Amino acid sequence: MDYASIFFGVSFGLIFGSFLNALIYRIPKGIGIFLPRSFCPKCEKTIPWYENIPVLSYIFLRGACSNCKNPIPRQYPIIEAITGLASYLLWPKNFEIFNILNYAFYFSIFCIFITHFLIDLKHKILPNILNLYLGIIFLTFSIMFKNWQFWLYGSLIGVLFPLSVTWLFYLAKKKEGLGMGDIKLFGILGLHLGPMGIIQNIFFSCLGGSLIGFFLILINKLKRESEMPFGPFIILVASLQIFFPKFFESFLKIF
Ligand SMILES: [Zn+2]
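Given the structure is predicted, the values throughout are model-derived calculations rather than measurements.

Reading guide: rules and limits
- Residues numbered from 1 in each chain as written.
- Predicted model: local features only at pLDDT ≥ 70, side-chain atom pairs only at ≥ 80, totals over all residues.
- Heavy atoms only, no water.
- Donors = N, O, S within 2.8 Å, 3.2 Å for Na, K, Ca; no water.
- Tetrahedral: all angles 85-135°; square planar, octahedral: opposite > 155°, others 65-115°.
- Helix = DSSP H or I, 4+ residues; strand = E, 2+ residues; numbered from the N terminus.
- Axes fitted to C-alpha atoms, helices over the stretch in contact; angles between N-to-C directions.
- Parallel < 35°, antiparallel > 145°, perpendicular 65-115°, else oblique.
- Left-handed = near helix turned anticlockwise from the far one by under 90°.
- Contact = heavy atoms within 4.5 Å.
- Domains from an automatic or database assignment.
- Buried area = accessible area lost by both parts, 1.4 Å probe.

**What about the coordination of the zinc ion?**
All of the protein donors around the zinc ion are Cys40 (SG), Cys43 (SG), Cys65 (SG) and Cys68 (SG); their distances to the metal are 2.3 Å. Geometry at the zinc ion is tetrahedral, judged from its four donor atoms and the angles of 105 to 115° they form at the metal. For the zinc ion, the donor residues sit on a single chain with the sequence spacing C-x2-C-x21-C-x2-C. Taken together, the positions of Cys43 in the loop between helix 1 (3–29) and helix 2 (56–60) and Cys65 in the loop between helix 2 and helix 3 (75–90) put the pair 22 residues apart, joining distant regions of the chain.

As structure tokens, then:
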């Protein structure tokens with residue numbers, strides 16, 4: 001890989017990472033995505049462009065707002081750096097149309113996943129708008145490259161299976177197990193993962209969610225009756241399936 005692709009791959013990722021930070025902050029609050037311009041959430045000062053350079057500004061400002069001196073959350077440079085790295089790793093080796101489409105596909109998935117993950121972690125919601133974009137991307141690619149049974153059955157299983165379990169759970173306990181956002185996300189992932197992939201996802205995300213939930217209750221970080229966001233588990237498992245497909249293959253070979 002030559003230096004030009006490293007430079008452009010990383011820079012593009014850093015700029016997008018900065019945009020994702022804005023989305024994570026703005027979508028749950030219903031603030032416009034491009035306007036108003038970037039501002040400090042504490043003192044509401046508009047941030048000039050030279051204080052808004054991904055990662056570097058955080059370092060130069062020593063992690064604090066130049067006006068009110070309140071700390072800038074560490075999440076900002078971390079998301080920027082991770083997105084920069086992801087963009088570099090996915091960056092096309094040459095600019096043939098297939099490679100560009102491949103980059104656009106996987107990088108968009110990465111961006112939506114990381115935004116979804118953090119919004120659900122902080123606010124316990126999986127915004128419809130992100131599910132919608134994810135659905136459009138998956139559906140377009142599946143229609144182009146996969147047979148209809150694969151994505152249709154994958155999506156149906158992704159919705160109907162968790163929905164019926166949640167319904168039974170509701171009848172038994174009068175409490176909702178999974179939120180509708182989680183069920184929609186399963187249905188959308190089914191479009192890309194297909195029937196076996198989505199069953200694998202449901203199994204491993206439920207397993208991970210229960211283990212972590214149990215552990216958090218054990219160490220008194222979570223109350224038994226309180227809700228834990230479940231989207232992050234779905235997204236973590238889906239990321240392994242999509243970006244590291246060998247992971248589950250080798251995992252399943254152990255058994
Ligand atoms: Zn400030």
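**What to know about the packing of helix 4 (residues 97–123) against helix 5 (residues 128–145)**
Running from N to C, helix 4 and helix 5 point in directions that differ by 155°, and their axes come no closer than 10 Å. What the angle tells us is that helix 4 and helix 5 run roughly antiparallel. Once helix 4 is placed against helix 5, the crossing between them reads as left-handed. Across the interface between the two elements, Leu101, Phe105, Ser108, Ile109, Ile112, Phe113, Thr115, His116 and Ile119 from helix 4 touch Leu130, Asn131, Tyr133, Leu134, Ile137, Phe138 and Phe141 from helix 5.

**So, the domain arrangement of the protein**
Domain boundaries assigned for the protein yield domain 1 (1–91) and domain 2 (96–255). Between domain 1 and domain 2, the residue contacts involve 16 residues of the former and 15 residues of the latter. Roughly 1,400 Å² is buried in total at the junction of domain 1 and domain 2, and carbon and sulfur atoms are behind 86% of that figure. The three residues of domain 1 that bury the most area against domain 2 are Ile24, Ile27 and Leu90, which together make up 38% of that side's buried surface.

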